[in-house]
Structures are given as C-alpha cells and as structure tokens.
Amino acid sequence: MKYQIAQYSLRGARPHNEDRVGYAERDNAILMAVADGLGGHRGGDVAAELLVQTLLHVFQTLRHPVIQRPSVFLALGILQAHRAIIARGQASDLPIEPRTTCVACLVQNGYAYWAHVGDSRLYHFRGGRMLLRTQDHTTVEELHQGGLLSEQEMLEHPQKSHLLNCLGGPTTPTVSVGVETLLQHGDTLLLCTDGLWEAFSPEEMMPYFRPPALDAGVEEMLFAAVRKKQRNSDNVSAVGLRWEDAPTKSPPLQGGDTPSQINEDMLREEAKHHLPHVAKLPPKPSPVSETADDSGRPLESRIQEIEDFLKKFEK
C-alpha cells in the first residue's frame with residue numbers, strides 16, 4: 001500500500017486539550033482514530049484517550065492478516081471502548097463522567113471503512129471536491145438533513161453542540177458506519193474534531209491538501225483554524241490520509257449488505273448467525289450498575305468476550 005498519513009492536535013484557546021488522535025499500521029491495513037472528549041463532563045480527556053488506545057490495541061493484537069467484517073470490527077471496538085470508559089469513570093477516586101465522540105477509519109487492501117459516534121467527522125475528497133462527509137449525531141444535523149438548516153446555519157444555531165449520541169454515557173451508543181469504499185489514486189480521507197470543521201468548510205479545507213507533503217498541509221490547516229477562531233478556538237485535531245496507490249483488484253468484502261447504523265442488538269444477531277455455538281456478546285448492563293451483569297461477572301470478563309468475538313471475524 002502506498003499512502004501518506006499525518007496527524008496533528010492543538011489546544012486552541014482552551015485551557016486543556018481533551019482531543020486525542022492516533023493511527024496504527026500493518027502490512028495491508030491502517031487504522032486511524034480521532035476522539036473529542038466532552039469538556040462539559042469531567043474526564044473528557046480520559047474518555048478520548050481510552051477510545052483511541054482501545055481501538056489501536058485491538059487492531060495491533062489481531063493475529064490474522066485480514067479483517068473479514070471491517071464495519072463490525074469497528075463497531076465492536078467502539079462499543080468495547082464505551083464499556084472501558086464507563087469502568088474507568090466508576091473506578092476513579094474522584095467523581096468523573098468521562099465521555100467522548102469519535103470517528104475511526106480502517107483502510108485495508110485498498111478499501112476504506114469508517115464508523116463514528118457524535119460529531120467527530122470523516123471527509124472523503126477526490127479530484128478537488130468533497131465526495132461525502134459523515135452525518136453528525138446532533139439536533140442541528142437532523143434539522144439540516146430535514147432541509148430546515150443550511151450548513152452555515154448549523155454553525156450558528158444555539159443548539160449546535162447538542163449531541164444525541166456519545167461514548168461513556170448511560171445509554172449504549174449507536175454506531176454509524178460508512179459503505180465499503182474503493183480508494184482511487186489521490187483520494188484524501190480526513191478525520192477531525194468539531195474544532196476544525198467549525199472553522200473551515202470543505203471547500204476551505206481542500207487547498208491544504210495540495211502540498212506534496214500531506215503532514216505540512218494538515219499542520220498548517222490546524223494552525224490556520226486556531227488563528228481564525230482566535231479566543232473562540234476549541235481543541236483542533238485531525239488525522240489525514242492521502243492514497244497514492246492504484247485502485248486495488250482485490251474483491252470487496254462486504255458488498256452492500258452492511259447497515260448504516262449498528263447497535264448492540266444487531267451485533268448480538270451477528271453472533272447468533274455467524275457463531276451460534278460460541279459467540280455471545282456481553283449482556284446489556286443493568287440500570288443499577290455497569291460493573292457486573294446478572295450473574296455477577298465483572299466488566300473485564302464481558303470485555304474479554306467482545307475481544308474473543310472480534311477475533312472470529314479475522315480470516
């Protein structure tokens with residue numbers, strides 16, 4: 001695989017940086033992750049760190065070369081991180097409620113797969129234009145998709161930060177996943193937090209991808225975003241990938257059978273159909289406690305079950 005990758009994160013005008021970014025590489029695949037810890041809940045940086053480290057750890061410890069169900073892999077990894085975030089908050093000596101949004105992208109054998117929760121975004125650029133962006137889990141995004149708000153009006157709306165979905169909260173998140181996408185030479189994937197997309201429209205982002213070195217363009221774009229927002233600048237973070245290989249001749253793995261949203265119930269159904277004799281996702285948490293299920297098993301054992309289930313989708 002031939003590509004350039006770059007990551008950068010700035011504190012902006014905030015007292016602390018609660019964003020986290022990261023990526024990990026293998027011979028035929030690369031996983032990128034961006035998380036935006038919620039500043040209104042103490043421990044946002046903890047949640048963001050756990051999200052990135054959980055996804056990268058799962059990816060790096062896979063024993064086989066090909067992930068056969070990439071979207072399921074991403075959704076399971078994100079739900080595993082959600083459990084870990086809740087456990088960390090409950091184990092803390094100080095009262096914290098760590099929560100975060102996230103976006104993750106797996107590029108494997110020339111195809112891209114992505115998933116997100118909240119308003120951290122992925123953009124796909126090709127040939128000097130934006131092909132798509134992920135749809136935020138926010139009130140204003142629903143209004144925009146309903147034709148009631150323009151992109152610019154979304155940025156100015158008083159409820160622009162009202163999230164409908166995040167990790168670490170009392171409700172298990174629903175994970176939105178993208179379609180399996182064949183990458184073309186020159187394609188750019190950008191994963192970023194709202195500190196960047198609130199500063200720049202897609203058209204304003206694209207000039208920063210023109211320099212031969214992607215890392216220089218991404219770094220300059222983030223500094224420009226901070227300068228533009230000045231005292232109102234949020235944390236600003238991004239991971240960018242420029243695909244520099246020819247389109248792969250490998251066949252697709254998923255086709256068009258992957259739903260656009262995946263929740264825990266859907267993953268249980270996956271387990272029943274693909275692994276009826278061994279696959280069993282962790283039980284849903286009781287409303288009283290997230291640390292043990294009805295049988296009294298600790299959270300760690302349920303997370304291990306997710307990890308074991310995850311490995312079944314390797315080739």
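Residues numbered from 1 in each chain as written. Predicted model: local features only at pLDDT ≥ 70, side-chain atom pairs only at ≥ 80, totals over all residues. Heavy atoms only, no water.

Visitor: Just checking my understanding: could you explain unusual backbone geometry for this structure?
Guide: For residues other than glycine, phi is negative in most cases, and the peptide bonds are mostly trans. Positive phi, normally seen in glycine, also occurs at N109, with a value near 50 degrees. Considering the arrangement of structural elements, one finds N109 in the loop between β4 (100-108) and β5 (111-117). Positive phi outside glycine occurs at Q230, with the angle close to 50 degrees. Q230 gets classed as exposed once you look at its relative accessible area, which sits at 58%. (Helix = DSSP H or I, 4+ residues; strand = E, 2+ residues; numbered from the N terminus. Buried < 20%, exposed > 50% of the residue type's maximum accessible area, 1.4 Å probe, protein only.)

Visitor: Any chance you could explain the pattern of salt bridges here in plain terms?
Guide: Where charged atoms from two side chains of opposite charge approach closely, those side chains can pair. Counted according to the given criterion, the structure contains eight salt bridges. The partner of R133 in a salt bridge is E141, with the nearest N and O atoms 2.8 Å apart. Of the two residues, R133 and E141, both sit in the buried class. With a closest N to O distance of 3.1 Å, R133 and E151 form a salt bridge. With R133 in strand β7 (residues 129-133) and E151 in helix α4 (residues 151-156), this pair connects stretches of sequence that are 18 residues apart. Residue E151 is classed as partly exposed on the basis of its relative accessible area, which comes to 38%. Residues joined by salt bridges that share partners form a network here, namely R133, E141 and E151. (Salt bridge = Lys/Arg side-chain N within 4 Å of Asp/Glu carboxyl O.)

Visitor: Is there a simple way to think about the packing of helix α1 (residues 44-60) against helix α2 (residues 70-91) in this case?
Guide: Helix packing for two helices is described by the angle between their axes and how far apart those axes are. With their axes 9 Å apart at the nearest point, α1 and α2 run at an angle of 135 degrees to one another. Comparing the axis directions of α1 and α2 gives the class oblique. Taken as a pair, α1 and α2 cross one another with a handedness that is right-handed. Residue-level inspection shows V46, A47, L50, L51, T54, L55, V58 and F59 of α1 in contact with α2, the latter providing F73, L74, G77, I78, Q80, A81, A84, I85 and R88. Of the residues that constitute the contact of α1 with α2, the class distribution is 13 nonpolar, three polar and one charged. (Axes fitted to C-alpha atoms, helices over the stretch in contact; angles between N-to-C directions. Parallel < 35°, antiparallel > 145°, perpendicular 65-115°, else oblique. Left-handed = near helix turned anticlockwise from the far one by under 90°. Contact = heavy atoms within 4.5 Å. Nonpolar A, V, L, I, M, F, W, Y, C, P; charged D, E, K, R; others polar.)

Visitor: Help me out: how do you make sense of the layout of surface pockets in this one?
Guide: A probe as big as a water molecule, rolled over the atoms, marks out the empty space that is left. In this structure, the largest pocket occupies an estimated 1,100 Å³ of space. Elements supplying a minimum of two residues to the lining of the largest pocket: β3 (29-37), β5, β7, α3 (139-145) and β8 (175-177). In terms of residues, the lining of the largest pocket owes the most to one element, α3, which gives three residues. Of the residues in the lining of the largest pocket, the class split is twelve nonpolar, 25 polar and 13 charged. (1 Å grid on protein atoms, 1.4 Å probe; cavity = no way out; pocket = protein on both sides within 12 Å on 5 of 7 lines; lining within 4 Å. Points joined across faces, edges and corners; volume = space filled by probe spheres on them.)

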